[in-house]
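Observations on the three-dimensional arrangement
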Amino acid sequence: MRLHGTQRVNEQGHLEIGGCDTVSLAQEFGTPLYIMDEAHIREICRQYYLSFIQGMKNAEVIYASKAFSTLAMCRIVNQEGLGLDVVSGGELHTALQAKFPAERIYFHGNNKSAEELAMAIKAGVGRIVVDNFYEMSLLNELAEEMHESVSILLRVTPGIEAHTHEYIQTGQIDSKFGFTLVNGTADRALDLALSSSNLVVKGIHAHIGSQIFELESFSHEVHIMIQYMADIHKRTGYLLEELNLGGGFGIYYASGDEPARIEDYAKTVQNALENACQNYQFPTPKIIIEPGRSIVGTAGTTLYTVGSIKEIPGIRKYVAVDGGMADNPRPALYQARYEAVLANRAGEETAEEVSITGKCCESGDMLIWDINLPKVESGDLLAVSCTGAYNYSMSSNYNRLARPAVVLVEGGKGDVIVKRETYSDLLRNDVLPERLTHLPIASR
Ligand SMILES: Cc1ncc(COP(=O)(O)O)c(C=O)c1O
Ligand SMILES: N[C@@H](CCCC[NH3+])C(=O)O
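Because the structure is predicted, anything quoted here is derived from the model rather than measured.

**Overview of the side chain of Asp257**
Looking at the secondary structure, you find Asp257 in the loop between strand E12 (242-244) and helix H9 (262-279). Overall, Asp257 belongs to the buried group, its relative accessible area being 12%. For Asp257, the side chain forms a polar contact with the main-chain nitrogen of Tyr253, separated by 2.8 Å. When neighbours within four sequence positions are excluded, Asp257 is seen to be in contact with Gln211, Phe213, Ile251, Tyr252 and Arg337.

Here it is in structure tokens:
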């Protein structure tokens with residue numbers, strides 16, 4: 001397994017993260033356990049800050065909190081000088097409870113409810129990214145009723161098919177998101193927005209997909225978007241000042257993944273921007289990017305305990321851990337690949353090929369196919385790396401499994417930032433059958 005951030009193998013041959021021995025973390029907090037490496041998250045935030053905010057003259061980096069949204073994470077992002085992207089009332093509530101400055105929050109989503117929009121207006125979020133005509137009129141009506149003027153970006157689909165898993169492509173024309181650029185829908189949306197009494201159009205937004213390695217996809221995006229902004233200027237005389245390029249910067253999960261450096265991502269955007277603005281004679285807009293996965297992905301590790309082991313001679317050896325698709329649905333959803341190590345014997349040579357399965361009642365509940373590990377025993381600890389993004393945030397209670405705790409580690413100390421769910425938590429919204437009027441009291 002490639003080591004990331006502060007991960008290292010210590011003198012006892014145990015995996016250590018943030019100066020904490022993972023064997024001790026398992027004893028103290030139990031497994032499964034999400035471990036987040038604070039220094040690593042901050043280091044990546046700083047790389048984004050240096051490359052984009054300081055490196056480019058007029059840029060903002062907003063963390064896409066869908067990747068991992070908790071109060072503590074919002075606090076870190078704020079301290080590191082980044083903005084925040086939220087996509088639901090729940091993420092917005094989390095940000096506001098963490099005292100994240102509302103003016104640095106962008107509100108996304110393809111089906112925001114009236115309640116969510118009113119909540120965002122009331123909180124005074126910086127930008128609402130309008131996705132469709134239904135939302136535009138709803139937002140204008142609400143803003144009118146609330147006597148507010150709302151700054152918006154229009155989300156457009158630029159027709160770019162980024163090379164990534166088809167379920168996480170978003171920029172192609174056949175997409176549920178945004179106003180289509182090529183068929184005139186985006187033009188109609190802009191005209192309507194400009195004539196809406198309580199909306200102020202600041203710019204446009206596009207997000208072409210996630211886990212993208214080719215930087216050319218982003219320069220292509222810049223060209224298309226600047227050309228479109230210039231077209232709008234010519235057609236209407238209206239100058240859009242902000243260009244939000246979305247997120248999507250890919251990370252390393254397993255061998256074969258070759259992400260670029262954040263620095264080079266910034267240079268690519270900067271060069272494409274200079275060229276495009278010169279080409280289309282358009283004044284340089286403010287650039288906004290929305291990385292999610294690349295800020296937290298490699299900073300997360302999930303720690304499991306090995307339980308049953310089943311060998312089918314000549315076929316495969318299944319090693320089952322105490323979590324699975326409920327805490328990490330990505331292999332089942334996107335055939336995502338991960339690396340792992342035995343955390344209690346991290347220095348040992350590999351001795352066998354096994355497949356790691358979870359404890360859910362699904363054959364598809366596989367975490368890793370065909371991985372080489374030392375001879376695995378029940379009771380060993382398995383650490384799966386790069387689980388910081390879209391793991392906790394996409395976790396479920398399938399099979400009524402309680403969600404793991406999340407521990408933030410730094411300088412040899414682990415802080416629980418999300419408590420482990422308990423059996424009572426699982427029942428917190430169930431209504432006692434005795435309270436229901438239409439369930440018969442007596443049983444057969
Ligand atoms: C609109 C928008 N912005 C930002 C992101 C974050 O993307 P990523 O986590 O790939 O950086 C996403 C998710 O793909 C998104 O849909
Ligand atoms: N959840 C996806 C990415 C989608 C990002 C949101 N637009 C993943 O785990 O890869």
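**Some details on the sheet that holds strand E3 (residues 20-21)**
Read from one edge of the open sheet, three strands run E1-E2-E3, paired in antiparallel fashion. Strand pairing shows two members of the sheet lacking a second neighbour, strand E1 (8-9) and E3, which therefore form its edges.

**Digging into the UniProt feature "binding site: substrate" (unreviewed entry) in the protein**
Mapped onto this numbering, the UniProt entry annotates "binding site: substrate" (unreviewed entry) at Arg293, Arg330, Tyr334, Glu362 and Tyr390. Maximum C-alpha separation among the annotated residues is 26.7 Å over a sequence range of 98 residues, too wide for a single clustered spot. Set against the largest pocket, the annotated residues that line it come down to Arg293, Arg330, Tyr334 and Tyr390. Following the sequence through the fold, Arg330 ends up in helix H11 (residues 330-334). We classify Arg330 as buried; its relative accessible area is 4%.

**Quick notes on the packing of aromatic side chains**
One pass over the structure, following the stated rule, counts nine aromatic pairs. For the ring pair Tyr48 and Tyr265, a centre distance of 6.4 Å and an interplane angle of 85 degrees mean the geometry is edge-to-face. A residue pair is termed long-range when its members are at least 10 positions apart, and Tyr48 in helix H2 (residues 38-54) and Tyr265 in helix H9 qualify at 217 residues. Their ring planes at 45 degrees and their centres at 4.8 Å tell us that Phe218 and Tyr265 sit as a pair that is tilted. Remark: Tyr265 occurs in helix H9 and Phe218 occurs in helix H8 (residues 215-236); sequence separation between them is 47 residues. With respect to burial, Phe218 and Tyr265 carry one shared label: buried.

**Quick notes on the UniProt feature "modified residue: N6-(pyridoxal phosphate)lysine" (unreviewed entry) in the protein**
Mapped onto the present numbering, the UniProt feature "modified residue: N6-(pyridoxal phosphate)lysine" (unreviewed entry) falls at Lys66. Structurally, Lys66 is set in the loop between strand E5 (59-64) and helix H3 (71-79). For Lys66, the contacting residues outside a window of four places in its chain are Asp85, Val87, Glu91, Tyr390 and Ser393.

**Re the pattern of salt bridges**
Oppositely charged side chains may form a pair once their charged atoms are brought near each other. Tallying each qualifying case throughout the model produces 23 salt bridges. Glu263 is the partner of Lys267 in a salt bridge, and the nearest nitrogen-oxygen pair spans 3.7 Å. One end of the pair, Lys267, and the other, Glu263, are both in helix H9, four residues apart, so they sit about a helical turn from each other. Asp430 serves as the salt-bridge partner of Arg400, at 3.3 Å between the closest nitrogen and oxygen. With a gap of 30 residues between them, Arg400 in the loop between strand E19 (381-385) and strand E20 (405-410) and Asp430 in the segment after helix H12 (423-426) connect regions that are remote in the sequence. Among the charged side chains, a network of salt bridges with common partners joins Glu38, Arg42, Arg46 and Glu80.

**Section: the site of ligand 1**
The immediate surroundings of ligand 1 are formed by 15 residues, with His207, Ser210, Glu290, Arg293 and Tyr390 found nearest. Residue Asp85 places a side-chain N or O atom 3.5 Å away from a nitrogen atom belonging to ligand 1. Protein burial of ligand 1: of its 390 Å² of free accessible surface, 92% is covered by the chains. Using a 2 Å cut-off from the grid points, one finds that ligand 1 occupies the largest pocket. Looking at the shell around ligand 1, its residues break down into three nonpolar, seven polar and five charged.

**Regarding the layout of surface pockets**
Taken as a whole, the largest pocket holds about 740 Å³ of empty space. Along its surface, the largest pocket is lined by 34 residues, and Lys66, Val87, Phe177, His207 and Tyr390 are the ones closest to its centre. Every element with two or more residues in the lining of the largest pocket is listed here: helix H10 (293-296) and H11. Taken together, the residues that form the lining of the largest pocket break down as ten nonpolar, 14 polar and ten charged. Empty space within the second largest pocket amounts to approximately 320 Å³. Along its surface, the second largest pocket is lined by 16 residues, and His40, Ile44, Ile251, Pro259 and Thr298 are the ones closest to its centre.

**Considering the site of ligand 2**
As a matter of local geometry, ligand 2 sits amid seven residues, with Arg293, Arg330, Tyr334, Tyr390 and Met394 nearest to it. In this structure, Arg293 approaches ligand 2 through a side-chain N or O atom, which is 2.7 Å from an oxygen atom. One of the side-chain nitrogen or oxygen atoms of Arg330 is found 2.5 Å away from an oxygen atom of ligand 2. Of the pockets mapped on this structure, ligand 2 occupies the largest pocket. Residue composition of the shell around ligand 2, by class: four nonpolar, no polar and three charged.

**As for the nonpolar core**
Tyr48, Phe52, Ile128, Ile152, Leu154, Ile295 and Val296 are the most contacted members of the largest nonpolar core, which has 88 residues in total. Excluding residues that lie within four positions of it along the chain, Phe52 makes contacts with Ala59, Val61, Ile262, Tyr265, Ala266, Val269 and Ile289. Within the second largest apolar cluster, 21 residues are counted, among which are Ala254, Val306, Ile368 and Cys386.

Each value, and the rule that gives it
Residues numbered from 1 in each chain as written. Chains lettered and ligands numbered in written order. Predicted model: local features only at pLDDT ≥ 70, side-chain atom pairs only at ≥ 80, totals over all residues. Heavy atoms only, no water. Helix = DSSP H or I, 4+ residues; strand = E, 2+ residues; numbered from the N terminus. Buried < 20%, exposed > 50% of the residue type's maximum accessible area, 1.4 Å probe, protein only. Polar contact = N/O pair within 3.5 Å; in protein donor to acceptor, adjacent residues only side chain to side chain. Contact = heavy atoms within 4.5 Å. Pairing = 2+ DSSP bridges. UniProt positions renumbered as here; feature names shortened; annotations may be inferred. 1 Å grid on protein atoms, 1.4 Å probe; cavity = no way out; pocket = protein on both sides within 12 Å on 5 of 7 lines; lining within 4 Å. Phe/Tyr/Trp six-rings, centres within 6.5 Å; stacked < 30°, edge-to-face > 60°. Salt bridge = Lys/Arg side-chain N within 4 Å of Asp/Glu carboxyl O. Near = heavy atom within 4 Å. Areas by Shrake-Rupley, 256 points an atom, 1.4 Å probe, with all protein chains shown as cover. Sits in = over half its atoms within 2 Å of the grid points. Nonpolar A, V, L, I, M, F, W, Y, C, P; charged D, E, K, R; others polar. Points joined across faces, edges and corners; volume = space filled by probe spheres on them. Core = buried A, V, L, I, M, F, W, Y, C linked by side-chain atoms within 4.5 Å.

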